[in-house]
Every structure is written in C-alpha cells, then in structure tokens.
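What follows is the residue order along each chain.
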Amino acid sequence: MRVSGLLIIGLALGLVACSGRAHPHHTPTASVGERLFAAHCSACHGVGGTGTRIGPSLIHVRDRLHTAGLKAIILDPTPPMPRLVPGRLSRRDVVDIVAYLQTL
Ligand code: HEC
C-alpha cells in the first residue's frame, strides 16, 4: 500500500515535470494566434473561423480534433489548404494558432 502510494506520487510528479518540458520555450498564446489566423487563414476559413465557400468553418473544431491533430493539419495540410510551415509560419506560430483554434 505504502509503496504503491509513493509510486503514484512519483509518477504524478514525473508527469508534471514532463509536461513542463513539452513546450520549453513557448507558452501557447491565443491572442497572437488570432492575428496570425486573420493574416494567413481567414481568406479561406473566414474572419473568426466561420468558414467561406473555399474553407470549412472551424467553429468548435476542438470537438473534432485534439491539439496534435490540429497541429498535424497545419503542418501537413490536404490541398487546397496551403503548406505554410516552414516559410510563412514558424512552429511557434502554429502553437499560437492552435491555441486560438481551441477558443472557437
Ligand atoms: C487556400 C485556402 C485555405 C487556407 C489559406 C487555409 N486553409 Fe485550412 N482548409 C482549407 C480547406 C479547403 C480545408 C478542407 C480540406 C479537407 O476537407 O480535406 C481545410 C481544412 C482545415 C482544417 C480541418 C478542419 C476539419 O474540420 O477537419 C483545419 C483545422 C484548418 N484547415 C486550419 C487552417 C489554418 C489554421 C490555416 C492557416 C494557418 C488554414 N487552415 C489555411 C483551406 C484553406
């Protein structure tokens, strides 16, 4: 009992330490993502992600796609969605854009 309790505490501390290291240099910032989205994504997905005839609405996209899934679509999109990383957007930009998508 006592040993397994300690084990669980150890695992929990390990998880906290690891999640802290997952984004060592950057805190996701939705407000920055919103500006980037307006500049690079809204032509197809609409201002505020409400969609256009070209790109689907991204309202409540967080219900369909998790953080990793959203990131993967931006990093490796299906045409006609353009690949903007690397080049027009950095990986840090993608973290911010995903944070913004999760507010829609
Ligand atoms: C040239 C138009 C265009 C641009 C620019 C564009 N997209 Fe898209 N995007 C699309 C289209 C079209 C789809 C649907 C592709 C499909 O269904 O296979 C899509 C799909 C997506 C999806 C998946 C939606 C779902 O419900 O599965 C996400 C998320 C997304 N785009 C985010 C973005 C972000 C973020 C940007 C800016 C960095 C961006 N897109 C820029 C056209 C665009």
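Just so it is clear, the model here is predicted, and its values are computed rather than measured. (Residues numbered from 1 in each chain as written. Predicted model: local features only at pLDDT ≥ 70, side-chain atom pairs only at ≥ 80, totals over all residues. Heavy atoms only, no water.)

1. Observations concerning the environment of Ser42
Working step 1: Locating Ser42 in the fold gives a position in helix H3 (residues 42–45).
Working step 2: Residues Ser42 and Gly55, spaced 13 residues apart in sequence, show a C-alpha to C-alpha distance of 8.9 Å.
Working step 3: Ignoring sequence-local partners within four residues, the contact set of Ser42 consists of Phe37, Val47 and Thr52.
Working step 4: Here the side chain of Ser42 touches Ala38 through a polar contact of 2.6 Å, landing on its backbone oxygen. (Helix = DSSP H or I, 4+ residues; strand = E, 2+ residues; numbered from the N terminus. Contact = heavy atoms within 4.5 Å. Polar contact = N/O pair within 3.5 Å; in protein donor to acceptor, adjacent residues only side chain to side chain.)

2. A short note on the packing of helix H2 (residues 30–40) against helix H5 (residues 91–101)
Working step 1: The N-to-C vectors of H2 and H5 enclose an angle of 95°; their axes lie 7 Å apart at closest approach. Here H5 runs roughly perpendicular to H2, going by the angle between their axes. On the side of H2, the interface is formed by Ala30, Val32, Gly33, Glu34, Leu36 and Phe37, while H5 contributes Asp93, Asp96, Ile97, Ala99, Tyr100 and Leu101.
Working step 2: Here the contact of H2 with H5 is built from residues that sort into 8 nonpolar, 1 polar and 3 charged. (Axes fitted to C-alpha atoms, helices over the stretch in contact; angles between N-to-C directions. Parallel < 35°, antiparallel > 145°, perpendicular 65-115°, else oblique. Nonpolar A, V, L, I, M, F, W, Y, C, P; charged D, E, K, R; others polar.)

3. Considering the coordination of the iron atom of the ligand
Working step 1: Looking at the iron atom of the ligand, the protein donor atoms are His45 (NE2) and Met81 (SD), and they sit 2.0 to 2.2 Å from it.
Working step 2: Every donor counted, the 6 donor atoms about the iron atom of the ligand form angles of 80 to 179° at the centre, which fits octahedral coordination. Residue His45 is located in helix H3, and its partner Met81 is located in the loop between helix H4 (67–75) and H5; the two are separated by 36 residues in the primary sequence.
Working step 3: Assessed through its relative accessible area of 10%, His45 is described here as buried.
Working step 4: Assessed through its relative accessible area of 28%, Met81 is described here as partly exposed. (Donors = N, O, S within 2.8 Å, 3.2 Å for Na, K, Ca; no water. Tetrahedral: all angles 85-135°; square planar, octahedral: opposite > 155°, others 65-115°. Buried < 20%, exposed > 50% of the residue type's maximum accessible area, 1.4 Å probe, protein only.)

4. Digging into the nonpolar core
Working step 1: Among the nonpolar cores identified, the biggest contains 17 residues, and Ile74 and Leu101 are the most heavily contacted of them.
Working step 2: Elements with a contribution of two residues or more to this core: H2, H4 and H5.
Working step 3: Top element by residues in this core is H5. It accounts for 5 residues. (Core = buried A, V, L, I, M, F, W, Y, C linked by side-chain atoms within 4.5 Å.)

5. What about the site of the ligand?
Working step 1: Taken together, 19 residues sit near the ligand, with Cys41, Cys44, His45, Arg64 and Met81 positioned nearest.
Working step 2: Contacts to the ligand include His45, whose side-chain N or O atom sits 2.8 Å from a nitrogen atom.
Working step 3: Contact between the ligand and Arg64: an oxygen atom at 2.8 Å from a side-chain N or O atom of the residue.
Working step 4: Contributing elements (two or more residues each) for the shell around the ligand: H3 and H4.
Working step 5: In terms of residue class, the shell around the ligand is made up of 15 nonpolar, 3 polar and 1 charged. (Near = heavy atom within 4 Å.)

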